[in-house]
Amino acid sequence: MNITIVGAGNMGAGFVKQLTAVGHKVTVTARDLAKAQAVAGAHTGASVAAPAEALGDAQVVILATGYADAVPALQGLGSLEGRIVVDITNPLTADYMGLTLGFDTSAAEEIAKALPGALVVKAFNTVLAQVLAEGPAFADGQIVPVFYAGDDERAKQTVRALVESIGFTPVDAGGLKNARYLEPVAGLNIYFAYGAGQGTQIAPTWIRRA
Ligand SMILES: NC(=O)c1ccc[n+]([C@@H]2O[C@H](COP(=O)([O-])OP(=O)(O)OC[C@H]3O[C@@H](n4cnc5c(N)ncnc54)[C@H](OP(=O)(O)O)[C@@H]3O)[C@@H](O)[C@H]2O)c1
């Protein structure tokens, strides 16, 4: 797949590593192209482009900025009509221990509202950057799940394939409205990792009897 990553921070770097490792072609863009270059540099299959040139023929755009920067960052790419946008953001308070919105909306829904032509799929928001960087395999054959939620079935299938391609287990979490549940799950995960001192090699999952 051709994939554009917006944001060259912790998550952006993890996506570049994992996606290029399995042969995806990745374009990284950021406010500071030197940061994008630092993230893309070492990986075959990764290149850097200014925001206005970063979209090309990308099938998927991964939004890897903070939530507050999300809409302007996406708007800087040009028209997203018909493009799949993977929203990984969590609308965190400054101390990372709370959410700035929820109950009757979510970051994903607000982004979708601001970009009406884009096919927004929530995914990866419950995967810590350190887990993304290390990869999906945990002890005892456990594989980290990636919950994904969206309203466009074709877009969801593409995101599912992307998740599978890098070895994570995709879990269909329903429509985009269910981002209202996924974002608080990430909040709890952050609490466990940092607040409760469990560290960052953890991931939320679901168990099922039989
Ligand atoms: N870290 C995690 O474990 C984790 C896990 C799941 C989800 N998330 C979510 O993933 C997102 C990214 O997290 P992160 O930890 O990677 O954050 P980060 O390290 O702060 O990276 C965010 C990046 O976005 C860039 N950016 C800001 N505005 C931009 C714009 N207009 N155009 C292009 N790039 C822009 C920033 O650039 P500057 O350096 O120039 O500001 C920065 O490089 C957040 O929404 C977070 O909630 C994070």
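Above: the structure in question.
Structural notes, computed from the coordinates. Only a predicted model underlies this, so the values are computations on that prediction, with no experimental measurement involved.

## Some words on the overall build of the protein
Argument step 1. Counting its regular elements, the protein contains seven helices and eight strands.
Argument step 2. Relative to the 2.2 N^0.38 estimate, which gives 17 Å for 210 residues, the radius of gyration of the protein is 16 Å and therefore close to what a compact globule would have.
Argument step 3. Along the first, second and third principal axes, the C-alpha set of the protein runs to 45 × 35 × 35 Å.
Argument step 4. Looking at the protein as a whole, 49% of its 210 residues are labelled buried.
Argument step 5. Within the protein, counting contacts between residues at least 6 apart in sequence, those at least 24 apart form 66% of the total.
Argument step 6. Of the side chains in the protein, 14 bear a positive and 18 a negative charge, and the two mean positions are spaced by 3 Å.

## A few points about the nonpolar core
Argument step 1. Counting 41 residues, the largest nonpolar core has Ile5, Phe15, Leu19, Ile62, Phe124 and Phe168 as the members making the most contacts within it.
Argument step 2. If we ignore the near neighbours within four places in the chain, the residues touching Leu19 are Ile3, Ile5, His24, Val26, Ile62, Leu162 and Ile166.
Argument step 3. Ala49, Val61, Val85 and Ile111 belong to the second largest nonpolar core, which has 19 residues in total.

## Re the environment of Arg209
Argument step 1. By the element assignment, Arg209 lies in the segment after α7 (179-195).
Argument step 2. The class for Arg209 is exposed, based on a relative accessible area of 83%.
Argument step 3. Counting along the chain gives 51 residues from Arg209 to Thr158, while the straight-line C-alpha distance between them is 29 Å.

## Remarks on the packing of helix α3 (residues 67-75) against helix α4 (residues 107-114)
Argument step 1. α4 packs onto α3 with a crossing angle of 25° between their chain directions and a minimal axis gap of 10 Å. In this view, α3 runs roughly parallel relative to α4, as classed from their interaxial angle. Relative to α4, the crossing made by α3 is right-handed. Residues Tyr67, Ala70, Val71, Leu74 and Gln75 of α3 form the contact with α4, whose participating residues are Ala107, Glu110, Ile111 and Ala114.

## Some points on the environment of Leu19
Argument step 1. Take Leu19: it is sitting in helix α1 (residues 10-21).
Argument step 2. Owing to a relative accessible area of 0%, Leu19 belongs among the buried residues under this scheme.
Argument step 3. The spatial distance from the C-alpha of Leu19 to the C-alpha of Ile3 is 8.7 Å, given a sequence separation of 16 residues.

## Let's talk about unusual backbone geometry
Argument step 1. Although it is not a glycine, Phe103 sits at a positive phi angle of roughly 65°.
Argument step 2. Residue placement: Phe103 occurs in the loop between β5 (84-87) and α4.
Argument step 3. Owing to a relative accessible area of 84%, Phe103 belongs among the exposed residues under this scheme.
Argument step 4. Phi at Phe124 is positive, roughly 65°, even though this residue is not glycine.
Argument step 5. Structurally, Phe124 is set in the loop between β6 (119-123) and α5 (129-134).

About the criteria used
Residues numbered from 1 in each chain as written. Predicted model: local features only at pLDDT ≥ 70, side-chain atom pairs only at ≥ 80, totals over all residues. Heavy atoms only, no water. Helix = DSSP H or I, 4+ residues; strand = E, 2+ residues; numbered from the N terminus. Rg over C-alpha atoms; globule rule 2.2 N^0.38 Å. Buried < 20%, exposed > 50% of the residue type's maximum accessible area, 1.4 Å probe, protein only. Contact = heavy atoms within 4.5 Å. Lys, Arg positive; Asp, Glu negative; His and termini not counted. Charge placed at Lys NZ, Arg CZ, Asp CG, Glu CD. Core = buried A, V, L, I, M, F, W, Y, C linked by side-chain atoms within 4.5 Å. Axes fitted to C-alpha atoms, helices over the stretch in contact; angles between N-to-C directions. Parallel < 35°, antiparallel > 145°, perpendicular 65-115°, else oblique. Left-handed = near helix turned anticlockwise from the far one by under 90°.

Note that every value here comes from positions in space, so none of it alone points to a role or purpose.
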